[in-house]
Amino acid sequence: MYSQALNTASAPADTSDAAARFQVRIDAEERIEPNDSMPEQYRRTLIRQISQHAHSEIVGMLPEGNWITRAPSLRRKAALLAKVQDEGGHGLYLYAAAETLGQSREELVEQLLSGRAKYSSIFNYPTLSWADIGTIGWLVDGAAIMNQIPLCRCSYGPYARAMIRICKEESFHQRQGYEIMLTLCRGTAEQKSMAQDALNRWWWPCLMMFGPPDTQSQHSDTSMRWKIKRFTNDALRQKFVDATVPQGLHLGLTFPDPALRFDGGHWVFGEIDWDEFRRVLAGDGPCNRERLAARRQAHEDGAWVREAARAWAAKQKVAA
Ligand SMILES: [Fe+2]
Ligand SMILES: [Fe+2]
């Protein structure tokens, strides 16, 4: 999950008539649109979730962008280029969706660059080999799909609609990743061991993408009641594991989890290292500093574009 369910504790329940009328609309599965009245807490929860999601898309371009020049063939390069470009597009749709809630994009970008905003912990891990690109497509985009399909039915219209197109593109991303893995796993012993090494490093961080366990997730109830969220973190994580383990076994790979076993219709997995999760979220992962430095540099390098756009807009105004 790109927004990783990191919202802070929810406010006390609003017992006003307006809040009750709003809940009736939600319960009737009506879509909430930008100019509709909505509880302040609903608006704030969405801004936080959508902006964390947007930041994750943009920061998520960095670990993969790193491999565009080193892709092993022209075909792989074209596919990776298209994928990374898609992620930039996802960020833009999502910033636009957040803007419909009255939050300016400049402020959101400022929150990211100053380190006040969160983005998914997964993008703070390094991409060490070409197999990491396959693994990211297969697992990271796979986890994103699992999380984002239910968001296509989110109660907030602009977010739900953005998610429909995003999910279609994520599905292409997942397939290109799995195909890289399939090629490596059918290749030489060295290629297969690269694939295994990438799975070993990415598996646990991918399970953390779904956010803290339900027992520690403070906001779930409100988000579920407002139909922003349709499944809990643990339910989505289990769905992901159940879908992914057979794919890994088909590749002939071994999951780095001695406790993994099939039981009662599900793949039961071992204990997640939540200390590592908290450390990475708090800014102390392997690449946190590098990622933010890259974003700040990109923002600085793009200053002339923003200036030119402003100058052009001013000129148009005078001409009108
Ligand atoms: Fe994306
Ligand atoms: Fe993606």
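Placed above this text is the structure.
Read on for a plain summary of the structure. Everything numeric in this text was worked out from a predicted model, so none of it was measured.

**Points about the coordination of the iron ion (ligand 1)**
In this structure, E57 (OE), E87 (OE), H90 (ND1) and E170 (OE) serve as the protein donors to the iron ion (ligand 1), at separations of 2.0 to 2.2 Å. Spacing between the donor residues of the iron ion (ligand 1) along their common chain follows E-x29-E-x2-H-x79-E. The two metals, the iron ion (ligand 1) and the iron ion (ligand 2), are separated by 3.4 Å and share E87 as a common coordinating residue. Note that H90 is positioned in helix α4 (residues 74–99) and E170 in helix α7 (residues 157–185), a separation of 80 residues in sequence.

**So, the coordination of the iron ion (ligand 2)**
Protein ligation of the iron ion (ligand 2) involves E87 (OE), D141 (OD), E170 (OE) and H173 (ND1), the donor distances falling in the range 1.9 to 2.2 Å. Along the chain, the residues donating to the iron ion (ligand 2) fall in the pattern E-x53-D-x28-E-x2-H.

**Remarks on the state of the cysteines**
Under the definition given, this model contains zero disulfides. Free of any disulfide, C167 has its nearest cysteine sulfur in C152, 3.9 Å distant. You can see C185 has no disulfide; the closest cysteine sulfur is in C206, sitting 15 Å from it.

**Observations regarding the side chain of R76**
If you trace the backbone, R76 turns up in helix α4. By relative accessible area, which is 12% here, R76 ends up buried. Within the local environment of R76, its side chain forms a polar contact with the side chain of T183, the two groups lying 3.1 Å apart. Setting aside its immediate chain neighbours within four residues, R76 contacts A71, W130, E179, I180 and T183.

**Comments concerning the pattern of salt bridges**
What the rule picks out here adds up to 22 salt bridges. Between D197 and R201 there is a salt bridge; the shortest N-O distance is 3.1 Å. With D197 and R201 both in helix α8 (residues 189–208) and four residues apart, this pair spans about one turn of that helix. Exposure remark for R201: the relative accessible area of 25% places this residue in the partly exposed category. D284 serves as the salt-bridge partner of R289, at 3.3 Å between the closest nitrogen and oxygen. For R289, a relative accessible area of 57% corresponds to the exposed category. Through salt bridges that share partners, E64, K83, E87 and D141 make up one connected network.

**Some words on the environment of L139**
Relative to the assigned elements, L139 resides in helix α6 (residues 130–148). A residue is classified by how much of its surface remains accessible, and L139, at 0% relative accessible area, is buried. As a C-alpha pair, L139 and A18 span 121 residues in sequence and 42 Å in three-dimensional space. Leave out the neighbours within four places in its chain, and L139 touches L199, W202, W203, C206, F240 and T244.

**Concerning the nonpolar core**
Ranked by internal contacts, the top residues of the largest apolar core, which has 79 residues, are Y42, Y156 and W203. When residues of this core are assigned to their parent elements, the largest contribution, eleven residues, is made by α7.

**Points about the environment of K83**
With respect to the secondary-structure elements, K83 resides in helix α4. By relative accessible area, K83 is classed as buried at 1%. Placed 54 residues apart in sequence, K83 and G137 show a C-alpha to C-alpha distance of 9.2 Å. Leave out the neighbours within four places in its chain, and K83 touches E64, D141, F172, H173 and Q176.

Cut-off values and rules
- Residues numbered from 1 in each chain as written.
- Chains lettered and ligands numbered in written order.
- Predicted model: local features only at pLDDT ≥ 70, side-chain atom pairs only at ≥ 80, totals over all residues.
- Heavy atoms only, no water.
- Donors = N, O, S within 2.8 Å, 3.2 Å for Na, K, Ca; no water.
- Helix = DSSP H or I, 4+ residues; strand = E, 2+ residues; numbered from the N terminus.
- Disulfide = S-S within 2.5 Å.
- Buried < 20%, exposed > 50% of the residue type's maximum accessible area, 1.4 Å probe, protein only.
- Polar contact = N/O pair within 3.5 Å; in protein donor to acceptor, adjacent residues only side chain to side chain.
- Contact = heavy atoms within 4.5 Å.
- Salt bridge = Lys/Arg side-chain N within 4 Å of Asp/Glu carboxyl O.
- Core = buried A, V, L, I, M, F, W, Y, C linked by side-chain atoms within 4.5 Å.

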